[in-house]
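# Coordinates in review
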Amino acid sequence: MAGVGGVRRKSPVSPSPLWGKLHTLWQDKYLLLFKTEYTLLVVSVLWFLEIGINVWVIQKVAYTEIDWKAYMDEVEGVINGTYDYTQLKGDTGPLVYPAGFVYIFTALYYITGHGVNIRLGQYIFAFFYLLTLLLVFRIYYRTKKVPPYVFFFVCCASYRIHSIFVLRLFNDPVAMMLLFAAVNLFIDGYWTLGCGLYSLAVSVKMNVLLFAPGLLFLLLSEFGLMKTIPKLSLCAGIQVVLGLPFLLENPVGYMSRAFDLGRQFMFKWTVNWRFLPEWLFLNRYFHLLLLAAHLLTLLLFAFRRWKRPGESIFELLKEPGKRKIPAQKSTIVLILFTCNFIGMCFSRSLHYQFYVWYFHSLPYLLWSGGVKKLAHLLRVLILGLIELSWNTYPSTNSSSAALHVCHLIILLCLWLAPPLLSAAAETQEQKAVKDKRH
């Protein structure tokens, strides 16, 4: 259509959908931080940012020798033909990890030139860190439980976690990396493969056994007793196969060292019980009390929070198709993370590298609690206090007490959350919420 003076007006160009979305984000920036739909975008940016952070930490922050040389001495003993676990030791003491640790760190021994090229080892652990983040971010992306701004605290903000991975080269991150890979397989429905990977994680460090009661509950819920037994047998079989060279040499020595449940911890390294007198910290009756509290809390959560209301616990032993009530599709991640967290709350001692055992699960637990009035700021404050407690060296009465207070708040919030719903009920609830919004 001609304009005045015969000049043709240009028709306005419609913006592309991508440009429109970016413009909307710019106008409503808070959406990017609080809406779980943007989880993938935020974690992608943070993951690439973490590449630079890890390189900077490795190049600029001094490496601290704690256990790496001891690890190398221990696996060197195996390489030299010693298969008696009671004869394997390093600078910091005897070998106390299962056989999977030996194989993985033997590979690292050769890759790093007999453990001498520590800088290469640091970059390998930076790769482990980035892979762990990918696995953790995928769990959060699949569950969409936590607002995106929290992921900054899951990665970039923690000095201690970077230190555990790339400045200390502990075996704890390797075990947790395998554990998070197993959790991803569980939520995708690959239970057999997930159990195999879970057992491999246990073979690196037995702290992964803290997840075992929750995994057992999930397996019984999903398959019943008879179909759960083969999966448990797979887990046990992997342990036997990995440990076979050492079991044939000295079975009692291997089991007592690799799975020493009565191991005594040193008071000077404790993060969580600094406010106790040392004699009480070392007291076996105190340890038994903690174990009893741990088991009791697990049973309470299993009976009152993980099991469907009105369903007998013995229903879990039946095949799903033969139950009076259909099998519950429980929240896999919540049960596993809660189970591990309960173990951390009642641990006889927590050392600084143990932070990685539950660090990446803390936001999920905080945003799964049943206290609606626990505002965003208070949740972030709890994360900050926990981080401060783990970064206080040496630990103090106040830092240990603050850690227990934070643990108690999270545990109470998880307890006050409503019992888990079946998949059908969850679907109906989500549909009702969606209809209400529209």
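Please refer to the structure placed before this passage.
Every value quoted in this text rests on a predicted model; they were computed, and no experiment measured them.

Scanning the protein chain from terminus to terminus reveals 19 helices and two strands. Looking at the 438 residues of the protein chain, the share that counts as buried comes to 50%. For the protein chain, contacts bridging at least 24 residues in sequence account for 76% of all contacts bridging at least 6. With the model as given, the accessible surface of the protein chain reaches about 21800 Å², and the carbon-plus-sulfur share is 67%.

All right, on to helix α8 (residues 159-167) then. Most of α8 sits out of view: eight of its nine residues are buried. Along its buried surface, α8 packs onto α3 (39-60), α6 (118-143), α9 (172-187) and α17 (376-391). Between the side-chain oxygen at the start of α8 and the backbone nitrogen of Ile161 there is a gap of 3.2 Å, and the oxygen is on Ser158.

Along its twelve residues, helix α4 (residues 68-79) runs 16 Å from first to last C-alpha, staying within 8% of the 16 Å computed at 1.5 Å per residue. Buried within α4 are the following residues: Trp68, Ala70, Tyr71, Met72, Glu74, Val75, Gly77 and Val78. Tucked inside the fold, the buried residues of α4 contact β1 (89-90), β2 (93-94), α5 (99-111), α6 and α11 (212-249). Phi turns positive, to about 105 degrees, at Gly81, one or two residues after α4.

Evaluation of the coordinates by the stated rule reveals 43 aromatic pairs. Ring-pair connections join several aromatic residues into one group, and the members of that group are Trp68, Tyr71, Tyr97, Phe101, Phe105, Phe125, Phe127 and Phe128. Cation over ring: Lys231 sits above Phe223, and NZ or CZ is 4.3 Å from the ring centre.

If you trace the backbone, Thr297 turns up in helix α14 (residues 284-306). Not counting the four nearest positions on each side in its chain, Thr297 is found in contact with Ile342, Phe346 and Leu411.

Packing of helix α15 (residues 332-345) against helix α18 (residues 397-416) leaves a shortest axis separation of 11 Å and a crossing angle of 145 degrees. Of the two elements, α15 crosses α18, and the hand of that crossing is left-handed. Between α15 and α18, the contacting residues are Leu334, Thr338, Phe341, Ile342 and Cys345 on the first element and His404, His407, Ile410, Leu411 and Leu414 on the second. For the contact of α15 with α18, the class distribution of residues is seven nonpolar, three polar and no charged.

Turning to the pattern of salt bridges, a few remarks are in order. Inspection of every chain in the model, using the stated rule, returns five salt bridges. A salt bridge links Asp188 to Arg138; the shortest N-O distance between them is 2.9 Å. With Asp188 in the loop between α9 and α10 (191-202) and Arg138 in helix α6, the pair connects residues that are 50 residues apart, well separated along the chain. The closest approach of N and O atoms between Lys205 and Asp172, which form a salt bridge, is 2.7 Å. Remark: Asp172 occurs in helix α9 and Lys205 occurs in the loop between α10 and α11; sequence separation between them is 33 residues. On the basis of relative accessibility, which here comes to 0%, the residue Asp172 falls in the buried class. It is possible to trace a salt-bridge network through shared partners that takes in Lys69, Asp73 and Asp91.

Turning our eyes to something else, we now look at unusual backbone geometry. Following Tyr393, the chain continues into Pro394 via a peptide bond in cis, with omega recorded as -10 degrees. With respect to the helices, strands and loops of the structure, Pro394 is situated in the loop between α17 and α18. One non-glycine residue, His114, lies in the positive phi region at around 65 degrees. Among the secondary structure elements, His114 is positioned in the loop between α5 and α6. Despite not being glycine, Leu169 shows a phi value in the positive range, around 60 degrees. On the secondary structure map, Leu169 appears in the loop between α8 and α9.

With that settled, consider a nonpolar patch on the surface. A cluster of nonpolar side chains, Leu225, Met226, Ile229, Phe314 and Leu317, forms an exposed patch at the surface whose accessible area comes to about 490 Å². Considering the arrangement of structural elements, one finds Phe314 in the loop between α14 and α15.

Another point: the packing of α6 against α9. Put simply, α6 and α9 touch, their axes get as near as 9 Å, and they point 30 degrees apart. As the angle between them shows, α6 and α9 are arranged roughly parallel. α9 is crossed by α6, and the crossing has left-handed handedness. Only Pro173, Val174, Met177, Phe180, Ala181, Val183, Asn184 and Ile187 of α9 make contact with α6, whose side of the interface consists of Phe125, Phe128, Leu131, Thr132, Leu135, Val136, Arg138, Ile139 and Arg142. For the contact of α6 with α9, a count of residues per class yields 13 nonpolar, two polar and two charged.

Each value, and the rule that gives it
- Residues numbered from 1 in each chain as written.
- Predicted model: local features only at pLDDT ≥ 70, side-chain atom pairs only at ≥ 80, totals over all residues.
- Heavy atoms only, no water.
- Helix = DSSP H or I, 4+ residues; strand = E, 2+ residues; numbered from the N terminus.
- Buried < 20%, exposed > 50% of the residue type's maximum accessible area, 1.4 Å probe, protein only.
- Contact = heavy atoms within 4.5 Å.
- Areas by Shrake-Rupley, 256 points an atom, 1.4 Å probe, with all protein chains shown as cover.
- Polar contact = N/O pair within 3.5 Å; in protein donor to acceptor, adjacent residues only side chain to side chain.
- Expected span 1.5 Å × (residues − 1).
- Phe/Tyr/Trp six-rings, centres within 6.5 Å; stacked < 30°, edge-to-face > 60°.
- Lys NZ or Arg CZ within 6 Å of the ring centre and 35° of its normal.
- Axes fitted to C-alpha atoms, helices over the stretch in contact; angles between N-to-C directions.
- Left-handed = near helix turned anticlockwise from the far one by under 90°.
- Nonpolar A, V, L, I, M, F, W, Y, C, P; charged D, E, K, R; others polar.
- Salt bridge = Lys/Arg side-chain N within 4 Å of Asp/Glu carboxyl O.
- Patch = residues over 30% accessible without salt bridge, like charges linked within 9 Å, V, L, I, M, F, W, Y side chains within 5 Å.
- Parallel < 35°, antiparallel > 145°, perpendicular 65-115°, else oblique.

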